[in-house]
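Structural overview
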Amino acid sequence: MSHPADDPSQDAETDPHSSPEAGGADQAPRGLLGRLFGVLNPEGEDPPAAEPAPRADRAGPTPGIGNLRNMRVEDVAIPKAEIVAVPVTITLEDLVQIFRENGFSRLPVFRGTLDSPLGLIHLKDLALEQGFCAQPGRFSLRNLLRPLLYVPPSMPIGVLLQKMQSQRIHMALVIDEYGGVDGLVTLEDLIEQVIGEIEDEHDETEDGLWLAEKPGVYLAQARAPLEDFEAEIGMALVADPAERDEVDTLGGLVFMALGRVPARGEVVVLESGVEVEVIDADPRRIKRLRLRLPVRGGDG
């Protein structure tokens, strides 16, 4: 994922009076979060076995319970430059358009600049309480705001996961030492460090690993096998045999070309002449790519 993204338990961030967790501190949490918190705060049990050391690779640490103790917020946060947020003065029409273009369920809301955050707007509140057919000029985003968490970059992600569960707030802004916004973390970002990447309808390309948008242009998953995609397009993307031994996927090819994980929107031109645009990525992994093949003689 993750950037602000749909988290796997968005309905939990609703009226606290209807919350099953509102029954008191002695009530045992259930489901995935309950099991995670049981590991973080075992009562009368031996501590869990240590996780094997994560191998160093391009995708970041191996998912596992141990990450809740070993990783900090700054390790998983979306950088400030990649945060999609909206001003409190935004019109209803513009707000709906941003939700449509980005596919998120929550967006941070600010006054003036992102360093003056006010809260978050949930798509469900906009749809159910305000509606998409409100009369222009009568829309007030301030009335729909929900609270955000504000956390330091050094906080262990397990502690933040507990705060999100106890306060029923699934988005946090990372605040630097000067009080400015430095990044953003969602509940999905944290859970992915334990169980691996959570794919939703925005992560998939139709039913396969790539889709031909038009002649010579493909939308592809970063995990698509390099050799299979080369067979599809009828050209080699890597000519050097030594380099070919180092990469198996399209995402790995882009990483190798840059020597780092690229930012969303970044464009890379490979030696083969193929132009690769990064459609979706976070600080730890590349997710989706758009590939434009070079125009050959006689092609339109």
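Residues numbered from 1 in each chain as written. Predicted model: local features only at pLDDT ≥ 70, side-chain atom pairs only at ≥ 80, totals over all residues. Heavy atoms only, no water.

- An unreviewed UniProt entry annotates the protein chain as Magnesium and cobalt transporter of Phaeovulum vinaykumarii.
- Recorded in UniProt under Sequence similarities (unreviewed entry), the annotation for the protein chain is "Belongs to the UPF0053 family. Hemolysin C subfamily." (UniProt positions renumbered as here; feature names shortened; annotations may be inferred.)

Brief notes about the sheet that holds strand β12 (residues 286-292)
- Spatial strand order, β8-β9-β12-β11-β10: 5 strands in an open sheet with antiparallel pairing. What marks the edges here is a single partner per strand, and that holds for β8 (210-214) and β10 (267-269). Each adjacent strand pair in this sheet contributes to an overall mean axis angle of 25°, direction not counted.
- Helix-sheet contacts for helix α10 (residues 250-258) involve β9 (217-221), β10, β11 (275-281) and β12, and the interaxial angle to β12 is about 85°. (Pairing = 2+ DSSP bridges. Helix = DSSP H or I, 4+ residues; strand = E, 2+ residues; numbered from the N terminus. Axes fitted to C-alpha atoms, helices over the stretch in contact; angles between N-to-C directions. Contact = heavy atoms within 4.5 Å.)

A few points about the pairing of strand β6 (residues 171-175)
- For β6, a buried count of 4 out of 5 residues is recorded, marking the element as mostly surrounded by other parts of the structure.
- As paired elements, strand β5 (residues 149-151) and β6 share 3 bridges and run parallel to each other. Across the sheet, the residue bridging to Y150 is L173, located in β6.
- Read as a crossover between parallel neighbours, the route from β5 over helix α6 (residues 157-167) to β6 is right-handed.
- Remark: 5 residues form the turn of the hairpin made by β6 and strand β7 (residues 181-186), two consecutive strands paired antiparallel; G179 in that turn has positive phi of roughly 90°. (Buried < 20%, exposed > 50% of the residue type's maximum accessible area, 1.4 Å probe, protein only. Right-handed = clockwise from strand over helix to strand, strands pointing away.)

Examining the packing of aromatic side chains
- Tallied over the full model, the rule gives 2 aromatic pairs.
- With a centroid separation of 5.4 Å and an interplanar angle of 80°, the aromatic rings of W210 and F229 are classed as edge-to-face. Separated by 19 residues along the polypeptide, W210 in strand β8 and F229 in helix α8 (residues 226-233) bring together distant segments of the chain.
- Measuring from centroid to centroid gives 5.4 Å for Y218 and F229, while their planes differ by 85°, and the two rings are edge-to-face. You can see Y218 sitting in strand β9 and its partner F229 sitting in helix α8, a full 11 residues away along the chain.
- Overall, the relative accessible area of 0% leaves F229 in the buried class.
- These aromatic residues form a ring-pair network of at least three members: W210, Y218 and F229. (Phe/Tyr/Trp six-rings, centres within 6.5 Å; stacked < 30°, edge-to-face > 60°.)

As for the pairing of β12
- Burial runs high along β12: 6 of the 7 residues are buried.
- Where β9 lies against β12, 5 bridges are found, and the strand directions are antiparallel. Looking at β12, one finds that L219 is bridged to R290.
- Bridge analysis of β11 against β12 gives 6 bridges, and the strand direction is antiparallel. By the bridge assignment for β12, E277 is matched with R290.

Points about the sheet that holds strand β3 (residues 106-111)
- Spatially, the 3 strands line up as an open sheet ordered β2-β3-β4, and their pairing is mixed. Each of the sheet's edge strands pairs with one partner strand only, and the pair in question is β2 (86-87) and β4 (113-122).
- Alignment of β3 against β4, held across 6 bridges, turns out to be antiparallel. What sits directly across from P108, in β4, is L120.
- Against the sheet, helix α4 (residues 92-102) touches β2, β3 and β4, its axis set at about 140° to β3.

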